[in-house]
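Each chain is listed here by its residues.
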Amino acid sequence: MAGNPGTFDLVVLGGGSGGYSAALRAAQLGLSVALIEENKLGGTCLHNGCIPTKALLHAAEVADVAREGSRLGVRTSCDGIDVAGVHAYKDSVVAGLYKGLQGLIASREVTFVTGHGTLVSPGVVEVDGVRYAGRHVVLATGSYARTLPGLEIGGRVITSDQALTLDHVPSSVVVLGGGVIGVELASVWRSFGAEVQIVEALDHLVPSEDVALSKALERAFRKRGIGFSLGDRFTEAKRSDDGVRVTLESGTTFDADLLLVAVGRGPRTADLGLEAAGVRLDRGFVITDERLRTGVTTPGGGHVWAVGDIVPGLQLAHRGFAQGIFVAESVAAASGVSPDASLPGGPREPAPVDEATIPRITYCEPEVASVGVTQARAEELYGADAVETLEYNLAGNGRSRILGTTGFAKLVRRKDGPVVGMHLIGSRVGELIGEGQLIVGWEAFPEDVASLVHAHPTQNEALGEAHMALAGKPLHAHN
């Protein structure tokens, strides 16, 4: 498109989960939208994160199931990993979703622009010399894989970006970082036959989770033969033709074919002109108010907003997705368009996304899933004497016994009050956290959930049983 394309109601910089959801919802509400993306529509989640990683994890699950078939009386075996075939499967999943997303953007008549966008002034984004003006602008540029000072990525030192396209299964890997990305890829490689050692500077794996989940995951990983070092910081990595040697502060060393650096993700906000346009940054993150406004206003009377990984908080695709919808509906309401025409009283501002009710899932084996606050955080908020917890072991759940998984559901409640946290570990428990989100988000009491009928035999029953026990009427539990 040459020249000035005119002024849009909304210009979105970044086509990942937060950006494309904002664009789709705004267009659905009748607003004119330009969506600018430097790389592929769908962003990190679709192409280099959530989707390809989970495809690899499913392939890893199939490999484990094949090895264990004889335990079930089925004569199966895992004869090896066809890495090219795994990538073909992964890429086909991504390609199908990518094509569908492209179709959605086209059908909503969103103006899609490919290129590097720069915020040249409040309300104006420039791409290859063409300026796109918006009454409102949404910053949704996502994140990148971090490394540590002095630790250069290249060769045998990789991030998750390179791990997802690796053309072989390494014989051994050191994983630097025991958070979500680190334990997921450690789980994949172990299932594919690699020797894996995780290095985590904090005291537990998945350290942001409830400590009960962390300890249970550590037991499960130990049983799977995944090694881990906790509370010991990385100091050095020396490459050689044969591999890489990792040294920790204690002097402990590990030798491996590869070093995966999984120390978190940083906000992608450099070289976008943000500070020059008045957007405040803190360590690269965009600072917003509770409604995701940066405080910068546009000549058209609108705002510059920010969503997703560039905003401090949980770096989750579904968080960015929900924030994108929230911003689109806020812009629509400010434009005199009601996000829900069935509501009386005309346009109104939507409620901000509540971070406390965003579910979190780590898709390793066993899976870890949670929503709400941990026991430690609940005790900080309400006092230790005002908090009650319960763990319901999956050993008593028929479906979990069939699947051969161990684990538990842990509930955290305010005494004589609602459930404020739910924490799960076990195979497939990520599929259960949706009910947990409703329970925590709607501030349900254990008695409310205990009266609901949960289908049998399902893992979902475990949530019903746990709430029955917390309500003081345990059934499948020993007193």
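Further up the page is the structure itself.
A.B. asks: Any chance you could break down the overall build of the protein for me, citing the residues and the numbers?
C.D. replies: Along the protein, the regular secondary structure elements total 13 helices and 25 strands. Computed over C-alpha atoms, the radius of gyration of the protein comes to 24 Å, within 12% of the 23 Å expected from 2.2 N^0.38 for 479 residues, which places it in the range of a compact globule. Taking the principal axes of its C-alpha atoms as reference, the protein extends roughly 65 × 60 × 45 Å. Burial analysis of the protein (479 residues in total) assigns 50% to the buried set.

A.B. asks: Outline the layout of surface pockets, listing residues and values.
C.D. replies: Approximately 970 Å³ is the volume attributed to the second largest pocket. As for the second largest pocket, its lining consists of 29 residues, and the residues nearest its centre are Glu 68, Glu 365, Gly 404, Thr 405 and Ser 427. No other element matches the five residues that helix α7 (residues 211–224) contributes to the lining of the second largest pocket. Considering only residue class, the lining of the second largest pocket consists of nine nonpolar, nine polar and eleven charged.

A.B. asks: Hey, could you go over helix α13 (residues 461–470) for me, with residue numbers and the actual values?
C.D. replies: A large share of α13 lies buried, amounting to ten of its ten residues. Gly 472 sits one or two residues past α13 and shows a positive phi near 90°.

A.B. asks: Please set out the sheet that holds strand β13 (residues 244–248) residue by residue, giving values where relevant.
C.D. replies: The sheet built from three strands is open, its strands ordered β12-β13-β14 with antiparallel pairing. Each edge of the sheet is formed by a strand with only one pairing partner; in this case those strands are β12 (234–239) and β14 (253–256). Neighbour to neighbour, the strand axes of the sheet diverge by 20° on average, direction disregarded. Sheet topology note: the β13/β14 ladder contains four bridges and is antiparallel. Residue pairing for β14: Val 244 is matched across the bridge by Ala 256.

A.B. asks: How would you explain the pattern of salt bridges if you had to name every residue and give the values?
C.D. replies: In the structure shown here, the tally under the stated rule is 16 salt bridges. Between Arg 293 and Asp 289 there is a salt bridge, and its shortest N-O distance comes to 2.9 Å.

A.B. asks: Report on unusual backbone geometry, specifying residues and quantitative values.
C.D. replies: The linkage connecting Glu 365 with the following residue, Pro 366, adopts the cis geometry, with an omega of 5°. Phi is positive for Val 206, which is not a glycine, with a value near 35°. Tracing the sequence through the fold places Val 206 in the loop between β10 (195–200) and α7. We note that Glu 443 has phi near 55°; this positive angle belongs to a residue other than glycine. Note on placement: Glu 443 falls in the loop between α11 (433–441) and α12 (446–450).

A.B. asks: Tell me about the packing of helix α3 (residues 50–67) against helix α6 (residues 180–191), residues and numbers included.
C.D. replies: Contact geometry of α3 with α6 gives a least axis separation of 9 Å together with a crossing angle of 35°. The hand of the α3/α6 crossing is left-handed. Seen from α3, the contacting residues are Thr 53, Lys 54, Leu 56, Leu 57, Ala 60, Ala 63, Asp 64 and Arg 67; seen from α6, they are Glu 184, Ser 187, Val 188 and Ser 191. Split into classes, the residues belonging to the contact of α3 with α6 amount to five nonpolar, three polar and four charged.

A.B. asks: Go over the packing of α3 against helix α4 (residues 83–107), please, and point to the residues and values.
C.D. replies: The N-to-C vectors of α3 and α4 enclose an angle of 140°; their axes lie 9 Å apart at closest approach. Judged by the inter-axis angle, α3 sits oblique to α4. α3 and α4 meet at a crossing whose hand is right-handed. Every residue of α4 that contacts α3 at Ile 51, Pro 52, Ala 55, Leu 56, His 58 and Ala 59 is listed here: Val 86, Tyr 89, Lys 90, Val 93, Val 94 and Leu 97.

A.B. asks: I'd like a rundown of the side chain of Gln 459, residues and numbers included.
C.D. replies: Along the chain, Gln 459 falls in the loop between α12 and α13. Within polar-contact distance, the side chain of Gln 459 engages the side chain of Ser 400 at 3.3 Å. The contact partners of Gln 459, leaving out residues within four places of it in the chain, are Leu 394, Asn 397, Arg 399, Ser 400, Leu 403, Thr 405, Ser 427, Arg 428, Val 429 and Leu 432.

A.B. asks: Can you tell me about the environment of Glu 329, naming the residues and giving the values?
C.D. replies: Looking at the element boundaries, Glu 329 is found in helix α8 (residues 317–334). As for Glu 329 and Glu 349, which are separated by 20 residues in sequence, their C-alpha atoms are 7.3 Å apart. Among all residues touching Glu 329, those that are not within four sequence positions of it are Arg 25, Leu 29, Pro 339 and Pro 350.

A.B. asks: Could you give me a rundown of the sheet that holds strand β23 (residues 387–393), with the residues and numbers involved?
C.D. replies: Backbone-to-backbone hydrogen bonds pair the strands of a sheet. The strands run either parallel or antiparallel. Reading across from one edge, β21-β22-β25-β24-β23 is the order of the five strands in this open sheet, with antiparallel pairing throughout. The open sheet has two edge strands, β21 (360–362) and β23, and neither has a second partner. Ignoring strand direction, the axes of neighbouring strands in this sheet form an average angle of 10°. As paired strands, strand β22 (residues 367–372) and strand β25 (residues 419–426) are joined by six bridges and run antiparallel to one another. The partner of Ser 370 across the bridge, within β25, is His 423.

A.B. asks: Could you give an account of empty space enclosed by the protein, naming the residues involved and the relevant values?
C.D. replies: Here the structure, examined in full by the defined rule, presents two cavities of 30 Å³ or more. As a volume, the largest cavity reaches approximately 120 Å³. For the largest cavity, the lining is made up of 13 residues, of which His 87, Ala 163, Leu 166, Trp 189 and Phe 192 are closest to its centre. The set of elements that each furnish at least two residues to the lining of the largest cavity consists of α4 and α6. Its residues assigned to classes, the lining of the largest cavity comprises eleven nonpolar, two polar and no charged.

Reading guide: rules and limits
- Residues numbered from 1 in each chain as written.
- Predicted model: local features only at pLDDT ≥ 70, side-chain atom pairs only at ≥ 80, totals over all residues.
- Heavy atoms only, no water.
- Helix = DSSP H or I, 4+ residues; strand = E, 2+ residues; numbered from the N terminus.
- Rg over C-alpha atoms; globule rule 2.2 N^0.38 Å.
- Buried < 20%, exposed > 50% of the residue type's maximum accessible area, 1.4 Å probe, protein only.
- 1 Å grid on protein atoms, 1.4 Å probe; cavity = no way out; pocket = protein on both sides within 12 Å on 5 of 7 lines; lining within 4 Å.
- Points joined across faces, edges and corners; volume = space filled by probe spheres on them.
- Nonpolar A, V, L, I, M, F, W, Y, C, P; charged D, E, K, R; others polar.
- Pairing = 2+ DSSP bridges.
- Axes fitted to C-alpha atoms, helices over the stretch in contact; angles between N-to-C directions.
- Salt bridge = Lys/Arg side-chain N within 4 Å of Asp/Glu carboxyl O.
- Left-handed = near helix turned anticlockwise from the far one by under 90°.
- Contact = heavy atoms within 4.5 Å.
- Parallel < 35°, antiparallel > 145°, perpendicular 65-115°, else oblique.
- Polar contact = N/O pair within 3.5 Å; in protein donor to acceptor, adjacent residues only side chain to side chain.

Take it as geometry only, folks, not as evidence of what the structure does.
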